Structures are given as structure tokens and as C-alpha cells.
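As a plain string of letters, each chain reads:
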Amino acid sequence: MADDTGARLAAVPEPTTSLEKAVPGNGDGGGDSASDGYLERRTLRRGSAGWLLLTGLGVAYVVSGDFSGWNLGLAQGGFGGLAIATVVMGVMYACLVYSLAELSAILPTAGGGYGFARRALGTWGGFLTGTAILIEYILAPAAIAIFIGGYIKSLHLFGLTSGWPVYLACFVIFIGIHLWGVGEALSFSLVVTAIAVIALIVFAVGAFTQFDPANLDNIAVDTTAAGASSWLPMGFLGIWAAFPFGMWFFLGVEGVPLAAEEAKDPVRSVPRALSISMGVLVLLALITFLAATGAHGADAIKAADNPLVVALEGDPGLSWLKTFVNYAGLAGLVASFFSLIYAGSRQLFALSRAGYLPRFLSLTSKRKAPYLGLLIPGAIGFALAAATGDGQLMLDIAVFGATISYALMALSHIVLRRREPGLERPYRTPGGIATSSVAFVLALSALVATFLVDKDAAFIALAVYAVALAYFAFYSRHHLVASAPEEEFAALAEAEAELSRD
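Residues numbered from 1 in each chain as written. Predicted model: local features only at pLDDT ≥ 70, side-chain atom pairs only at ≥ 80, totals over all residues. Heavy atoms only, no water.

Chemist: Is there a simple way to explain the overall build of the protein in this structure?
Modeler: Looking only at helices and strands, the protein has 18 helices and zero strands in total. Computed over C-alpha atoms, the radius of gyration of the protein comes to 23 Å, within 12% of the 23 Å expected from 2.2 N^0.38 for 502 residues, which places it in the range of a compact globule. A principal-axis box enclosing the C-alpha atoms of the protein has dimensions of 75 × 50 × 40 Å. Taken across its 502 residues, the protein has 60% of its residues classed as buried. Taking all contacts inside the protein whose residues are at least 6 apart in sequence as the whole, residues at least 24 apart take part in 82%. (Helix = DSSP H or I, 4+ residues; strand = E, 2+ residues; numbered from the N terminus. Rg over C-alpha atoms; globule rule 2.2 N^0.38 Å. Buried < 20%, exposed > 50% of the residue type's maximum accessible area, 1.4 Å probe, protein only. Contact = heavy atoms within 4.5 Å.)

Chemist: Help me understand helix α16 (residues 433-453), please; the structure alone is not making it clear to me.
Modeler: Along its 21 residues, α16 runs 30 Å from first to last C-alpha, staying within 8% of the 30 Å computed at 1.5 Å per residue. Along α16, the positions that sit buried rather than exposed are T435, S436, A439, L442, A443, A446, L447, A449 and T450. Projected onto a plane normal to the axis of α16, the buried residues spread over an arc of 165° and lie on a single side. Each element contacted by the buried residues of α16 is listed here: α4 (72-106), α8 (235-241), α9 (243-246), α15 (391-419) and α17 (455-474). (Expected span 1.5 Å × (residues − 1). Arc of directions from axis to C-beta.)

Chemist: Where do I start with the packing of α16 against α17 in this structure?
Modeler: The packing of two helices is summarised by the inter-axis angle and the distance between the axes. Two numbers describe how α16 lies on α17: the axes approach to 5 Å, and their chain directions differ by 125°. Overall, the two elements α16 and α17 adopt an arrangement that is oblique. Residue-level inspection shows T450, F451 and V453 of α16 in contact with α17, the latter providing K455, A458, F459 and L462. (Axes fitted to C-alpha atoms, helices over the stretch in contact; angles between N-to-C directions. Parallel < 35°, antiparallel > 145°, perpendicular 65-115°, else oblique.)

Chemist: What am I meant to see in the nonpolar core here?
Modeler: Across soluble globular proteins, nonpolar side chains show a tendency to be buried alongside one another. In this structure, W70 and Y406 are the most contacted members of the largest nonpolar core, which totals 164 residues. With residues up to four places along the chain from it excluded, the contact list for Y406 reads M92, Y93, L96, E136, M247, L251, G252, E254 and A443. (Core = buried A, V, L, I, M, F, W, Y, C linked by side-chain atoms within 4.5 Å.)

Chemist: Explain the pattern of salt bridges here, please?
Modeler: Counted by the stated rule, this structure contains nine salt bridges. Salt-bridge contacts for D265 lead to R268; the nearest nitrogen and oxygen are separated by 3.3 Å. Accessibility expressed as a relative area gives 41% for D265, which makes it partly exposed. Its relative accessible area of 62% is what places R268 among the exposed residues. (Salt bridge = Lys/Arg side-chain N within 4 Å of Asp/Glu carboxyl O.)

Chemist: I would appreciate a short explanation of helix α5 (residues 113-155) in the present structure.
Modeler: Think of an α-helix as turning once every 3.6 residues; residues three or four places apart then point the same way. Taking 1.5 Å of rise per residue, the 43 residues of α5 would be expected to cover 63 Å, yet its terminal C-alpha atoms sit only 38 Å apart, more than 12% below that figure. Its maximal kink placed at L121, α5 deviates by approximately 150°. A large share of α5 lies buried, amounting to 34 of its 43 residues. Phi turns positive, to about 60°, at H156, one or two residues after α5. (Bend = angle between axes of the 7 residues up to and from the residue.)

Chemist: Any chance you could explain the side chain of E486 here in plain terms?
Modeler: Within the fold, E486 resides in helix α18 (residues 485-501). Given a relative accessible area of 0%, E486 falls into the buried group. Here the side chain of E486 touches G111 through a polar contact of 2.9 Å, landing on its backbone nitrogen. Look past the residues within four positions of E486 in its chain and what remains in contact with it is L107, T109, A110, G111, Y114, G115, R118, E261, A350 and R353. (Polar contact = N/O pair within 3.5 Å; in protein donor to acceptor, adjacent residues only side chain to side chain.)

Chemist: Before we go on, may I ask you to explain the side chain of T429 in this structure?
Modeler: Among the structural elements, T429 can be located in the loop between α15 and α16. A polar contact of 3.1 Å, which involves the side chain of T429, links it to the side chain of H413.

Chemist: How do you make sense of the packing of α5 against α15 when you look at a structure like this?
Modeler: At a closest axis distance of 7 Å, the pairing of α5 and α15 adopts a crossing angle of 160°. What the angle tells us is that α5 and α15 run roughly antiparallel. You can see that α5 and α15 cross each other, and the crossing is left-handed. The residue inventory of the contact of α5 with α15, partitioned by class, reads 26 nonpolar, seven polar and three charged. (Left-handed = near helix turned anticlockwise from the far one by under 90°. Nonpolar A, V, L, I, M, F, W, Y, C, P; charged D, E, K, R; others polar.)

Chemist: Looking at this structure, how should I read the environment of L416?
Modeler: Here L416 shows up in helix α15. Taking relative accessible area as the criterion, L416 reaches 3% and is therefore assigned buried. Excluding anything up to four places from it in sequence, L416 contacts L103, F116, R119, A120, P421 and R425.

Chemist: Would you explain the confidence of the model for the protein in this entry?
Modeler: Close reading of the predicted structure is inappropriate where its pLDDT is low. When pLDDT is averaged across the protein, the result is 86; 91% of the residues are at 70 or more. Ranking the elements of the protein by mean pLDDT puts helix α1 (residues 2-10) last with 41 and α4 first with 94. Taken together, the stretch residues 1-35 has pLDDT below 50 and engages in 69 contacts with residues farther than four places along the chain or on a different chain. (pLDDT = per-residue confidence, 0-100.)

Chemist: Looking at this structure, I do not really get unusual backbone geometry. What am I missing?
Modeler: Most peptide bonds take the trans form, and the phi angle of most residues other than glycine is negative. At D265, a position not held by glycine, the phi torsion is positive, near 50°. For K368, which is not a glycine, the phi torsion comes out positive at approximately 60°. If you trace the backbone, K368 turns up in the loop between α13 (319-353) and α14 (371-388). K368 sits in the partly exposed class, given a relative accessible area of 30%.

In C-alpha cells form, the structure reads like this:
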């Protein structure tokens, strides 16, 4: 796609934009320019991942959410409220995934959501989307590192307790694997994810032997809430408040397009991986939610850190399964931690390569890994985990960033369909604009719901956003790199539009 874009740009007059051609001495400390190896020093290893590894990546982003976190939505909306919220958020993610499948086939680069929004919504839209994605993918690993520490402590592994040494070990070991190479990293992720998925299936088989429908709606009813019932103990508002927790069964799957530059045949493999991984996640959400809640009761697991283990406490004969699920939960956390680090590094790489963030962050090693894009977010994540020890706060902030990016990516699909109907689309979203419109509306609803759950997290995310936007407004938007694939693709659209006007 980048090569085709370059050829087409050469055939039209140079567009008038505020972008630079990476002039010497303008940002990366080495004085690189497009003519003296700027992009050559910022390349990823192409062809490292087929559809299977990409599918594993899509499931890996999310699988830790099946082991913990979603159950807190029971305290917000009860079984009925969380069930409705999960279905609604599942619809949002399905619509979003099919929209992203089309966009990723149009522009298969490491920019992912930033690249899509850059073409559709301009430089401001691209930066807003990319920053929101970074908030999600930097904060979520920090939260998961804290949860890994909690699991290690509860399992009495090596006599360790949860604290900064464990968090540091997580970041050092797993970033080290990423630095080794993308093919090796994604293969490791696939293996760990497979273990976690198998464990969820084994758990569900065991838990369903204890299933009792009466356990589903045993949370005390708030009689003062509008619409309250045994199925909706917190009333109608509880459904909305449960939206962020319904997202946990799917949060992160949208990151698959970030692997496009390293994929084999990305135009076909990325849409395929998105569709298959979404199908797997829907199945896992269904069996996990029903099995855990029906085995020991919604009230018993609504505040549990390890809901699947608590769900098995009603039967002493399943003690072996509790131990197994405990260890598998650790595998699930590792899979998500590992894959989210990957996603964050690729989004940062793309934004840096195009000049939205300091350019030195996109330099790649001899093994074609964006080493600073891995190390610096890792250092930030570790510092946040060690300083706060509050995994829930980190995740709430990550969810806030995610919902903003979802709305902007869905809007990008709508704008491109309307403004550029003739754009070549190797894959087309079923339902077209109607599909992405549903994703857009539901993403905005989920964004508002984050304020119902944790106002502090929402305002912290807004503060981070404000600082990033100030950097963009006063500096980086004046120093963008036109030769970056996502920028070149957008410049082509501007040039063609200018030609059509003439």
C-alpha cells in the first residue's frame, strides 16, 4: 500500500501541506532526512505474522478480562444489567471490528487507528485517535502487572509478594522477548493464549456441573431504583453503569490492525484475524459469564478479585480445578500484558515516525524492533504500577481512552465512505455506514458511562489528553513527516481532491 501510494503521489503535483519531508536536524537527534535513511532506520520486520498469529494476538489482548474484572459489573447492574451491557458492548465491538477490517485493508500500516483517522479527519483527528489508543495501551499493562503480582502472591510462587520487584520483572522479561523479534514474540503470545483459552473451557465444563438458575439473580434489590427487579437490582441505570465492565470481554481486540506492517498479506489476513478473534471472544464471554455466575451466585462473585476461583468454592470436589484456574488466570494475565505491550509500541512507533511524537522514539534495532517504543512506555507503565499499586484505577483510565478511540475510528469509517466512495476497498464492511454508525453511537454511550463508574479516572485521562494536545498544538503539528506511510496516504487524498477541484 505504501509503495502504491508513493507511485500515485509521483503522478500528481506536490500537495500544499504543513508537512515536512523530515529535514535534517529536525527532531530525531541524528539529522536524518527522507533522503539519507530516515525511513530505513524506522522499519519493522515484514511478513512475520500470518492470520493464525494475528488471531492469537486479537484473543491475547482480551483474554485476561475473562478471568477477572468483568464481574465487578454485577455490583453495578446485577446479572440482568451486566448481561444486557455485555450484549450491547458486544454489538459495539462487532460493528467496530468489521469497520476496522475495511479500514485496515485500505491502509495496512502500523498506524492502525491513527492512520485511519488521519486520512478521514485530518492531522488533529489522527493525533486525537492515536493518543487515545496510547492511553489505553500504556495504562492497561500497568494495571495487569499489578494483577499479576496479586496472583503470584495468592499462589505463593517463589515466596514472592506483590510489589515493585514483581512489576519490574514482568516488564523486563516480556519487553526482552519483544526486543528479540516480532515473530518470536507473537509465537510466545499464541502459546500462552492457547493455555488460557483451554483453561476457560475446562473451567466452564466444571462450573456448569454446579449451575443453578437461581444463582443468577440473587443480588439484593435496590427498591428505590427506577425499574429495579431481581434481574435488574440497580434498575435501568445499572445497565448503563455496567457498560465499561461488559467491555472487558472484548477490550483490546481492536489492536489487531497495529500489526499490519508485520503481517503476511495484511489486506487479507488482518480482516480475517479480526473476524475470527471476535467470534472466539464472544464464545468465551458467553460460557465464562454464565458458568461463573450460575455456579456460586452473582452475589458471591460481584466483588471478587478472582471470580472464577470463587465460583468453584461451592463444591469441595472441584478444589483441583480451583488450583488449575488460578494458574491459568496467571497465564491469561501474561498473555494480555504481553500483547498490549506490543500494541502500545506499534502505535507509538507510527506516531513518532510521522512526527506527532519525538522522532527518536521510532528508531528500530537490527532485529527491526522499535526498542525505544518498547522501553519508554514500559518504564512509564512500571513507574505507574509501582507508584500507585491501583490496578483498577489504571484500567478505568485505559477504558476511557479506549472509548474515545472507538468513537473516532468509527467516525473515520463513516467519513471515508461518504467522502471517498470510489476508494479501493479490498474488504467491505457488511452493512456499510449503518454498521459503523452503531459502533459510533455505542462508543459515545460507553464513554459517558465511564463517568458513572469512576469520575477520577475519567478526569485524569482528560488531563493527560490535554497535555498531549498542547504538545501537538504548539509543536509537533508543525513538524510532521510527509514521507511516513500514513501521512503520504492522506496527502494523496488531498492532492487528488485538489486536482478534482481544478
